[in-house]
Amino acid sequence: MHEALARSAPSGETHRDGQCVGSSFDSVPWDLALKALACHTDQKWVLLYVERWLKAPMLMADGSLVPREKGTPQGSPISPLIANLFLHYGFDAWMVREFPAVPFERFADDVVIHCATERQARELREALASRLVGIGLELHPEKTRIVYCEQSNRRGTYEHVSFTFCGYMFRPRRTANKSQGVAFTGFLPAVSPGKLSEMSRRAASWRLHRRVNLTLDDLAAEVNPVIGGWLAYYAAFYPSAVTPLCYRIDRHLVRWARWKYKRLERSDRRARTWLRGVHSRDPELFAHWRYCTPPG
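Every value quoted in this text rests on a predicted model; they were computed, and no experiment measured them.

What is the right way to read the overall build of the chain from this model?
Secondary structure assignment for the chain yields eight helices and 11 strands. The proportion of buried residues among the 296 residues of the chain is 43%. The contacts of the chain with a sequence gap of at least 6 include a subset with a gap of at least 24, amounting to 58%. When the accessible surface of the chain is split by element, carbon and sulfur atoms take 54% of a total near 16500 Å².

This is the structure we're talking about:
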């Protein structure tokens, strides 16, 4: 049995996709952060400026200054660097030292730890909670979960069987052995529903149907860098999960065609047929077309 101690955010609240808001960036003790930095430089001016950045008061919208006692400065480009350096010694090095046989991944303050058994996961969670308290942080009591990585031929029911990490949702999914054609259940990643909705809202915000002053080639040139970037990341695993996004973008293009061409404005079916013809003639025009069939 394989257990994942998932979404172990050191502190703060998390939104629905498991990324931290507020998080350890607001909780980093300054003395320990500077101690971690001192392991990488002996230049006093570097330590001096970083200390000034850390201790700078927060400028509010009304112009007032609010003193701070801990954490890295909000919005500062050096904030993620300091926090990651702090967590490297506070978490990464500690894991390697105390649990050398247990693999893990960390992105900022979002962590997945892979345990062999439920017992090991519970023991590690207790040890990690104690470790974080010792460096001024804490595990979020609700968002830190032990997840059962369900696959074929495993029995039993468990409270948590999925988790989200770096925009991917990991959960049991049907798949097949391509060489043997045998279907089975694997614990696999695919784009998370939250990220899929976020990308759909972003695409809707472009209001493509109103941009009738542009040609279809112009539209493709504008949106392909964004869509291509999304799909290069989120279609790397289980690419069929991004298909709904592709069809939503096509619906925006159909609407654009109806606004653009008078002969298509009264018929959604005729506009879909027109776009399907463009898709067939130039299947590489839009970055998402490689992940979906022509609009029906």
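Which parts of the structure should I look at to understand the packing of aromatic side chains?
When we look at a pair of aromatic rings, we describe it by the centre distance and by the angle of the planes. Under the criterion given, the structure shown has 15 aromatic pairs. Judged by centre distance (6.0 Å) and plane angle (35°), the rings of phenylalanine 163 and phenylalanine 187 are tilted. Here phenylalanine 163 is found in strand 9 (residues 163–165), whereas its partner phenylalanine 187 is found in strand 11 (residues 182–191), with 24 residues between them in sequence. Exposure class is identical for phenylalanine 163 and phenylalanine 187. Each is buried. An angle of 35° between the planes, with centres 6.3 Å apart, marks the rings of tryptophan 256 and tryptophan 274 as tilted. Of the two residues, tryptophan 256 sits in helix 7 (residues 243–260) while tryptophan 274 sits in helix 8 (residues 268–281), which places them 18 residues apart along the sequence. Each member of the pair, tryptophan 256 as well as tryptophan 274, carries the same accessibility label: buried. The ring of tyrosine 261 has arginine 263 sitting right over it, with the charged end atom 5.1 Å from the ring centre.

How do you make sense of unusual backbone geometry when you look at a structure like this?
Working note: non-glycine residues mostly have negative phi, and peptide bonds are mostly trans. Phi is positive for arginine 207, close to 50°, though the residue is something other than glycine. Despite not being glycine, tyrosine 238 has its phi angle at roughly 50°, a positive value. Following the sequence through the fold, tyrosine 238 ends up in the loop between helix 6 (216–234) and helix 7. Note on tyrosine 238: relative accessible area 27%, which makes it partly exposed.

Just checking my understanding: could you explain a nonpolar patch on the surface for this structure?
On the surface, a nonpolar cluster with roughly 450 Å² of combined accessible area is contributed by Trp45, Leu48, Tyr49 and Trp53. Here leucine 48 is to be found in helix 2 (residues 44–55). On the accessibility criterion, leucine 48 (37% relative accessible area) is partly exposed.

Teacher, can you tell me more about the state of the cysteines here?
Enumeration over the complete set of coordinates arrives at zero disulfides. Left unpaired, cysteine 149 is separated from the closest cysteine sulfur, that of cysteine 115, by 9.6 Å.

Explain the packing of helix 6 against helix 7 to me, please; I cannot follow it from the model alone.
Between two packed helices, both the angle of their axes relative to each other and the distance between the axes serve to describe the pair. The N-to-C vectors of helix 6 and helix 7 enclose an angle of 165°; their axes lie 13 Å apart at closest approach. In terms of axis orientation, helix 6 runs roughly antiparallel to helix 7. Here the hand of the crossing between helix 6 and helix 7 comes out right-handed. Mapping the contact onto sequence places Leu216, Leu219, Ile227, Trp230 and Leu231 in helix 6 and Leu245, Cys246, Ile249, Leu253 and Trp256 in helix 7. For the contact of helix 6 with helix 7, a count of residues per class yields 10 nonpolar, no polar and no charged.

Whenever I open this one, the packing of helix 5 (residues 193–205) against helix 7 confuses me. Can you help?
One can describe the packing of helix 5 onto helix 7 by two numbers: an axis separation of 10 Å at closest approach and a directional angle of 10°. In terms of orientation, helix 5 lies roughly parallel with respect to helix 7. Crossing hand, helix 5 versus helix 7: right-handed. In contact with Leu196, Met199, Ser200, Ala203 and Ala204 of helix 5, helix 7 contributes Pro244, Leu245, Arg248, Ile249 and His252. When grouped by side-chain class, the residues that make up the contact of helix 5 with helix 7 number seven nonpolar, two polar and one charged.

Cut-off values and rules
- Residues numbered from 1 in each chain as written.
- Predicted model: local features only at pLDDT ≥ 70, side-chain atom pairs only at ≥ 80, totals over all residues.
- Heavy atoms only, no water.
- Helix = DSSP H or I, 4+ residues; strand = E, 2+ residues; numbered from the N terminus.
- Buried < 20%, exposed > 50% of the residue type's maximum accessible area, 1.4 Å probe, protein only.
- Contact = heavy atoms within 4.5 Å.
- Areas by Shrake-Rupley, 256 points an atom, 1.4 Å probe, with all protein chains shown as cover.
- Phe/Tyr/Trp six-rings, centres within 6.5 Å; stacked < 30°, edge-to-face > 60°.
- Lys NZ or Arg CZ within 6 Å of the ring centre and 35° of its normal.
- Patch = residues over 30% accessible without salt bridge, like charges linked within 9 Å, V, L, I, M, F, W, Y side chains within 5 Å.
- Salt bridge = Lys/Arg side-chain N within 4 Å of Asp/Glu carboxyl O.
- Disulfide = S-S within 2.5 Å.
- Axes fitted to C-alpha atoms, helices over the stretch in contact; angles between N-to-C directions.
- Parallel < 35°, antiparallel > 145°, perpendicular 65-115°, else oblique.
- Left-handed = near helix turned anticlockwise from the far one by under 90°.
- Nonpolar A, V, L, I, M, F, W, Y, C, P; charged D, E, K, R; others polar.

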